[in-house]
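Notes for the structure review
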Amino acid sequence: MFQILVVEDDKNTRKLMEAVLLSNGYQPILAEDGARALKLLEQSKVDLMIVDVMMPGLDGFELTRTLRES
């Protein structure tokens, strides 16, 4: 199954994205911030990421930069 990591700090938006992805046959993996996303990426194979760019702490730009550097 196609796994999509959703990195979004807003709980309601995260839940909405989860419902939409599930109803379309995808397996969502949810993270509330960039730091949690990095931990999940160590544990799971992810096919696609949907990342909010404006998050507290490790924002979407920093998360992407960190992934590209690794």
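Before reading further, recall that the structure is shown in the block above.
Residues numbered from 1 in each chain as written. Predicted model: local features only at pLDDT ≥ 70, side-chain atom pairs only at ≥ 80, totals over all residues. Heavy atoms only, no water.

Looking at the side chain of glutamate 8
This is how the line gets drawn: Under the scheme used here, helices are H or I runs from DSSP no shorter than 4 residues and strands are E runs no shorter than 2 residues, and both carry numbers assigned from the N terminus. The buried label goes to any residue with under 20% of its type's maximum accessible area, the exposed label to any with over 50%, and the partly exposed label to all in between, with areas taken from a 1.4 Å probe on protein chains only. In this charge count, Lys and Arg are treated as positive and Asp and Glu as negative; neither His nor the chain ends contribute. Within this document, salt bridges are pairs made up of a side-chain nitrogen of Lys or Arg and a carboxyl oxygen of Asp or Glu, the two lying within 4 Å of each other. Side-chain atoms alone can form a polar contact between residues adjacent in sequence; in general such a contact is a pair of N or O atoms within 3.5 Å, and within protein one must be able to donate a hydrogen while the other accepts it. We call two residues in contact when some of their heavy atoms are within 4.5 Å.
Structurally, glutamate 8 is set in the loop between strand 1 (3-7) and helix 1 (11-23). In this structure, glutamate 8 is buried with no salt-bridge partner, the nearest side chain bearing the opposite charge being arginine 14 at 6.3 Å. Within the structure, glutamate 8 has its side chain in polar contact with the backbone nitrogen of aspartate 10 (distance 3.0 Å). Sequence-distant contacts of glutamate 8, defined by excluding residues within four places in its chain, comprise Thr13, Arg14, Ala31, Glu32, Asp52 and Met55.

Describing the sheet that holds strand 3 (residues 48-51)
The strands that make up a sheet are held in pairs by hydrogen bonds between backbone atoms, and each pair lies either parallel or antiparallel. Put simply, the rule is: When DSSP finds at least two bridges between two strands, those strands are taken to pair. Fitting a line to C-alpha atoms yields each axis, with helices limited to the stretch in contact; the angle taken between N-to-C directions then spans 0 to 180 degrees.
Spatially, 2-1-3 is the arrangement adopted by the three strands of the open sheet, whose pairing is parallel. Since the sheet does not close on itself, it has two edges, and those belong to strand 2 (27-31) and strand 3, each with one partner. Taking each pair of neighbouring strands and ignoring which way they run, the sheet shows an average axis angle of 20 degrees. Here five bridges tie strand 1 to strand 2, and the two strands are oriented parallel to one another. Residue glutamine 3 lies in a different strand from strand 2, and its bridge partner there is glutamine 27. Contacting strand 1, strand 2 and strand 3, helix 1 runs over the sheet at an angle of about 170 degrees to strand 2.

A short note on the pattern of salt bridges
One pass over the full model with this rule turns up one salt bridge. Measuring nitrogen to oxygen at the nearest pair gives 2.6 Å for the salt bridge that ties lysine 45 to aspartate 47. Residue aspartate 47 is classed as partly exposed on the basis of its relative accessible area, which comes to 33%.

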